[in-house]
Amino acid sequence: MDIAGRAVAENHRSYLPRADSTSFDGGDVSFIIVAGAMVLLMVPGLAFLYSGLARRKSALSLIWAVAASNAVGIFQWWFWGYSLAFSSSATSGYIGNLRNFGLMKVLGDPSPGSPLIPEILYSFFQMEFACVTIGILMGGIAERGRVLPAMVLTFAWLTLVYCPLACWVWGANGWAFSWGVLDFAGGGPVEIGSGVSGLALAWVIGRRQEKELLNFRPHNVSLVCLGTFLLWFGWLGFNGGSAFGANLRAIVAIWNSMLAAAFGGMVWCIMDYRYERHWSMVGFCSGTIAGLVAATPSSGFVHPWASVIIGVVSGAACNLATKLKFHFQIDDALDLFAEHAIGGIVGLFLNGFFGTNEVIRLDGVNTSTPGGFMDHNWKQLYIQFAYICATCSYSFVVTALLAKIIDVIPGLKLRSTPEDESLGMDEVEIGEFATDYIEIRRDFTDGLFMNSTNPSEQHVAAGDRHGRPDNALHQRSTMQNGNGLPHEGTNEVKHDGNGIAEVNEKMRDSESS
């Protein structure tokens, strides 16, 4: 789904607009229909990923938020989203107009993105991109956000953030399109848009309670794996379908996506092993997603060997970026910024080095679009850099303003109460649970004697991802008396890692004899 080259406008003029199927190749049309369906599968993939990464008491609320945001996204895209992003008669370069309000005049004409497919199919494919993007953003409300205000934010965010970003780089008169930015499948609108906006949303909502940050870990790693592989499968349609036809460029994009994902996963896993001396499954999944994110803007511009480099760099950069939230003091619980924003930046920036016309022209449409340094196009690097700065700044500022405005509207406060947060979003917001279980204790601190007066104990979100487990800070004080010895005649508590305590009665030596 790249800018479609400077030659697209000329190609459009050579195609007679006809509202029938005879002007398009059936193979191209079928391929994009299937690719769009594959992208839809990324929505449950995101839902399962977020659910698995969260605590058990808020797991279902994230599935609900992603699923409901998908429905809101479909409505917004039909209502005016497509028109605001892709109206061919808009000339502002910033946002479209309402010419295609309610999908009016969107039928069998060649699409704005490529003459290979009809506009009605293009609008469907682009709708799935918008739905996935807003689903990613829902990670910003993890474990403390209210779902109804989040749905209001969803509609407003798609209108005022996503649609302008899409218009900039994919619209026929967008300023980034006209300037020659290389963004194949959404490094700006999808990845930076969701990642930076997720950071802004988490900043506005605020940090979770300190006790909610203790021993924070994924409650179901199997769901994390399931979600990751659903995303990986859907991402092949996401990137491959952005060539808008069953052509060689689509195959190269799929190959590049596979390579970047594989190397991103391996690098992240190795880096986590250096800290923790375990081969983390969550780490492998995180690195795989980081590689796929970096492949999003780059997979249709570079050779497969370059995707190996992109996968390695994105895996390492995104892994290290998970520490930035500690410096920002923002509780980005699911690492939206580290995964999506940093990965998108890596892919966009490296397009300036590795992008080449040899790959771009394989779709048979963009035959004259130059690449980056590989084609001696030295100015491409600063074009990419300026585009990255523009998308990051716009996404953060506008999202923060939207969230602030919605938060002060009566009845639409984004943050739940401390009491609701302690109970869990599933019980308070959804009234159902992802998993039925007998609860012995809910919080990490329940039933434990904590040395909470020690000022050196600073608890941070997801600290156990980089070799400093939050629960390790309390290992010395757990069930200890003033002499650092276990209390005699008391219960010895062992933790299974999922919040369930195993209690064994410890008998005195005199009693056992």
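Below is a short write-up of the structure. Just so it is clear, the model here is predicted, and its values are computed rather than measured.

### Some remarks on the side chain of Ser 58
With respect to the helices and strands, Ser 58 occurs in the loop between α3 (42–53) and α4 (59–86). With relative accessibility at 1%, the residue Ser 58 sits in the buried group. Aside from chain neighbours lying at most four places away, what touches Ser 58 is Glu 143, Gly 424, Met 425 and Asp 426.

### Some details on helix α5 (residues 119–137)
Compared with the 27 Å implied by 1.5 Å per residue over 19 residues, the 27 Å span of α5 between its first and last C-alpha is a close match. Summarising burial for α5: 17 of the 19 residues are buried, a large majority.

### What about the packing of aromatic side chains?
Any pair of aromatic rings gets described here by the distance separating the centres and the angle formed by the planes. Tallied over the entire structure, the rule returns 37 aromatic pairs. Consider the rings of Phe 79 and Phe 101, whose centres lie 4.9 Å apart with planes at 70 degrees: the pair is edge-to-face. Of the two residues, Phe 79 sits in helix α4 while Phe 101 sits in the loop between α4 and α5, which places them 22 residues apart along the sequence. On the accessibility criterion, Phe 79 (23% relative accessible area) is partly exposed. Their ring planes at 70 degrees and their centres at 5.8 Å tell us that Phe 349 and Phe 353 sit as a pair that is edge-to-face. Of this pair, Phe 349 and Phe 353 are both found in helix α14 (residues 336–354), four residues apart, which corresponds to roughly one turn of the helix. One aromatic cluster is present, built from ring pairs that chain together Trp 77, Tyr 82, Phe 86, Tyr 122, Phe 125, Phe 129, Trp 157, Tyr 162, Trp 170, Trp 235, Phe 238 and Phe 244. Here the basic side chain of Arg 249 rests over the ring of Phe 301, its NZ or CZ set 5.3 Å away from the ring centre. In this arrangement the basic side chain of Lys 404 is found over the ring face of Trp 203, its NZ or CZ atom lying 5.4 Å from the centre.

### What about empty space enclosed by the protein?
On inspection of all chains with the given rule, the structure shows eight cavities of 30 Å³ or more. Quantified by volume, the largest cavity comes out at close to 150 Å³. Along the wall of the largest cavity there are 16 residues; nearest its centre are Leu 49, Leu 53, Ile 289, Leu 334 and Glu 339. Mapped by element, the contributors of at least two residues to the lining of the largest cavity are α3, α9 (221–240), α11 (281–298) and α14. Here the residues of the lining of the largest cavity are counted per class, giving eleven nonpolar, two polar and three charged.

Basis of the calculations
Residues numbered from 1 in each chain as written. Predicted model: local features only at pLDDT ≥ 70, side-chain atom pairs only at ≥ 80, totals over all residues. Heavy atoms only, no water. Helix = DSSP H or I, 4+ residues; strand = E, 2+ residues; numbered from the N terminus. Buried < 20%, exposed > 50% of the residue type's maximum accessible area, 1.4 Å probe, protein only. Contact = heavy atoms within 4.5 Å. Expected span 1.5 Å × (residues − 1). Phe/Tyr/Trp six-rings, centres within 6.5 Å; stacked < 30°, edge-to-face > 60°. Lys NZ or Arg CZ within 6 Å of the ring centre and 35° of its normal. 1 Å grid on protein atoms, 1.4 Å probe; cavity = no way out; pocket = protein on both sides within 12 Å on 5 of 7 lines; lining within 4 Å. Points joined across faces, edges and corners; volume = space filled by probe spheres on them. Nonpolar A, V, L, I, M, F, W, Y, C, P; charged D, E, K, R; others polar.

Everything listed is a geometric property; what it means functionally is a separate question.
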